[in-house]
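Listed below are the residues making up each chain.
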Amino acid sequence: MLKVLYAGSPEPAAETLKILLENQEKYGIKIVGVLTNPPSAKGRHKELTPTPVGKLALDYAAAGNDLPVFTPEHLNGDARAQIEPLAADILVCFAYGHIFGPKFLAMFKMGGINLHPSLLPMYRGCTPVNASILNQDKETAFTIQTLSLGMDEGNILAQKKVPLTGKETAGSLLHDAAVDGAQLILDLLSDADKNGSLKEGVPQSGEPSYTQIIRKEDGKIDWSAAASQIDAKIRAYDPDPGTFCITGTDEKPDTLRILEAKVLTAEMQAAQNSPYKQEFEKSVPGTVLVFDKPTGIWIKTGDGILCVTKLQKQGKSAMGYKDFMNGARDFIGSLLK
């Protein structure tokens, strides 16, 4: 039976871990430990909260299962001293958030593998899913690669290509990556257990590209961009960090989160008999044009009209566009910034 150390932190990585734990016996593996980021202060009272991976592992252990959880700040000698006694054969990683050094990887006789949700070598780095949606790609992939000392430079062991419809959010695509990636991992680990070694894999080919950390301020909408670009940004930044714009006056500005939207198409206009007017073309980008019950709140962009269908006022709950308009009498004709 192959002994596995699992490393991950956010919710998608917890989904993958859950599937691996549920299928240990079937695939001839044993999760002997979990490595995740330390608890962080969250909520109003700044209570220390474990990562989603940490919580799942702790709950699993509390149910009577032997599963140690490690939360070191750094992967230094102390961390290695804690993990080495597990004698894990292989390290499995998904969105852990740290780079593994040579001394750490040397503890595993089969090395390590990593689930990376992109069509490598495209979008190496920490935000590949967001980048593929933001760039309006037609396809992406869920890739299992060997862990290397360079960032996402390892050999490709398995890869599932995924067509993109233009409706995905970062959250939905990461969920799919967690589920489909877990199956790819299980198949690879099962083969490694039977053969006594991990297959070599194929070196990456093509020109690499790299992604960057996304910050909260990156979510501000530029209404001079095309409607299709804004729609992609809303989906790429859902659920985190979200997209927003500024309403109100310069003296009293308010933040308005835009949660869901769609681009107004000619087909939508024809099907819904929507109230498109020629003067809309002369409006300034960011102008709230009209409230159309079948399609949403129309907002002028640098190219086309965006139909907003879900919004959230500062300090309020998220709501659909019809409920939002019940309490927003002066919203039509206003300028979003």
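Preceding block: the structure.
A few points on the structure. Here the residue numbering is sequential within each chain, running from 1 through the sequence in written order. It should be noted that, the model being predicted, local features are given only for residues of pLDDT at least 70 and side-chain atom pairs only at 80 or more, the latter also being counted only at that level, while totals for whole chains, interfaces and linings use all residues. Each side-chain value is worked out from all heavy atoms of the structure, with water and hydrogens disregarded.

What follows concerns the overall build of the protein chain. By the criteria applied, helices consist of DSSP H or I runs no shorter than four residues and strands consist of E runs no shorter than two, each listed in order from the N terminus. Of the regular secondary structure elements, the protein chain holds ten helices and 15 strands. Seen through its principal axes, the protein chain has C-alpha atoms that stretch 70 × 45 × 30 Å. Here's how the labels work: a residue is buried when its accessible area is under 20% of the maximum for its type, exposed when over 50%, partly exposed in between, all with a 1.4 Å probe on protein chains only. By residue count, 47% of the 337 residues in the protein chain fall in the buried class. Contacts were defined at the residue level, with two residues in contact if any of their heavy atoms lie within 4.5 Å. Contacts in the protein chain between residues at least 24 apart in sequence constitute 65% of all its contacts with a sequence separation of at least 6. Each accessible area is a Shrake-Rupley result for a 1.4 Å probe, and residues are judged covered by the shown protein chains and nothing else. Here the protein chain displays about 17,100 Å² of accessible surface, and carbon together with sulfur accounts for 50% of that area.

What follows deals with the packing of helix α1 (residues 11–22) against helix α7 (residues 170–195). Helix-helix packing is characterised by the crossing angle of the two axes and by the distance between the axes. Whenever a helix is involved, its axis is fitted only over the stretch in contact; in every case the axis is a line through C-alpha atoms, and angles between N-to-C directions fall within 0 to 180 degrees. Interhelical geometry of α1 versus α7 gives an angle of 35° and a closest axis separation of 8 Å. The two elements α1 and α7 meet at a crossing, and its hand is right-handed. Residue-level inspection shows P12, E15, T16, I19 and L20 of α1 in contact with α7, the latter providing L174, H175, A178, V179, A182, I185 and L186. Throughout, the ten residues Ala, Val, Leu, Ile, Met, Phe, Trp, Tyr, Cys and Pro are labelled nonpolar, Asp, Glu, Lys and Arg are labelled charged, and all others, Gly among them, are labelled polar. Along the lines of polarity and charge, the residues of the contact of α1 with α7 split into nine nonpolar, two polar and one charged. For a crossing to be left-handed, the near helix must be turned anticlockwise from the far one by less than a right angle; the clockwise case is right-handed.

Axis separation between α1 and helix α3 (residues 52–62) bottoms out at 7 Å; the angle between their running directions is 30°. Our classification of the angle between α1 and α3 gives roughly parallel. Each of E11, A13, A14, L17, K18 and L21 in α1 lies in contact with α3, whose residues at this interface are P52, V53, L56 and Y60. Partitioning the contact of α1 with α3 into residue classes produces eight nonpolar, no polar and two charged. Any angle between 65 and 115 degrees counts as roughly perpendicular, while under 35 counts as roughly parallel, over 145 as roughly antiparallel, and the rest as oblique.

What follows concerns the packing of aromatic side chains. The pairing test for Phe, Tyr and Trp rings, Trp by its six-membered ring, is centres within 6.5 Å, and the orientation test on the planes gives stacked under 30 degrees, edge-to-face over 60, and tilted for anything in between. Following the criterion strictly, the structure yields six aromatic pairs and no others. Taken together, a centroid distance of 6.1 Å and an interplanar angle of 75° make the contact between F291 and Y321 edge-to-face. One end of the pair, F291, is in strand β12 (residues 288–292); the other, Y321, is in helix α10 (residues 321–326), with 30 residues separating them in the sequence. The buried category is assigned to Y321, whose relative accessible area is 11%. Following the ring pairs from residue to residue traces out a cluster consisting of Y96, F100, F104 and F108. The residue whose ring lies beneath K313 is F324, and the NZ or CZ to ring-centre distance is 5.3 Å. Charge-over-ring contacts are defined here by two conditions on Lys NZ or Arg CZ: a distance within 6 Å of the ring centre and an angle within 35 degrees of the ring normal.

In this description, a disulfide is simply a cysteine sulfur pair whose atoms lie within 2.5 Å. For the coordinates displayed, the defined rule picks out zero disulfides. Left without a disulfide partner, C126 is nearest to the cysteine sulfur of C93, which lies 13 Å away.

Attention now goes to the pattern of salt bridges. What counts as a salt bridge is simple: a side-chain nitrogen of Lys or Arg found within 4 Å of a carboxyl oxygen of Asp or Glu. Considering all chains together, one arrives at six salt bridges under this definition. With a shortest N-O distance of 3.3 Å, D231 and R235 are connected by a salt bridge. Note that D231 and R235 are positioned in helix α8 (residues 227–236) at a spacing of four residues, about one turn of the helix. For the pair shown, D231 and R235 are each scored as buried. With a closest N to O distance of 3.1 Å, K337 and D250 form a salt bridge. Of this pair, K337 sits in the segment after α10 while D250 sits in the loop between β10 (243–248) and β11 (253–263), and the two are 87 residues apart along the sequence.

What follows covers the nonpolar core. What is meant by a nonpolar core is a set of buried Ala, Val, Leu, Ile, Met, Phe, Trp, Tyr and Cys residues, joined one to another through side-chain atoms within 4.5 Å. Among the nonpolar cores identified, the biggest contains 44 residues, and Y6, I31, I113, I144 and L189 are the most heavily contacted of them. Element by element, the count of residues in this core is highest for α7, at eleven residues.

Note that T16 resides in helix α1. Residues T16 and P285, spaced 269 residues apart in sequence, show a C-alpha to C-alpha distance of 42 Å. The contact partners of T16, leaving out residues within four places of it in the chain, are Y6, F94, L115, A178, A182 and I185.

So, on to the sheet that holds strand β8 (residues 139–146). On the basis of which strands lie adjacent, the open sheet formed by seven strands has the order β5-β2-β1-β6-β7-β8-β9 and mixed pairing. Sheet topology places β5 (69–70) and β9 (156–163) at the edges, where each strand pairs with a single neighbour. Pairing between strand β7 (residues 112–116) and β8: four bridges, direction antiparallel. When the sheet's bridge partners are listed, I113 is paired in β8 with T146. A strand pair is defined by DSSP finding two or more bridges across the two strands.

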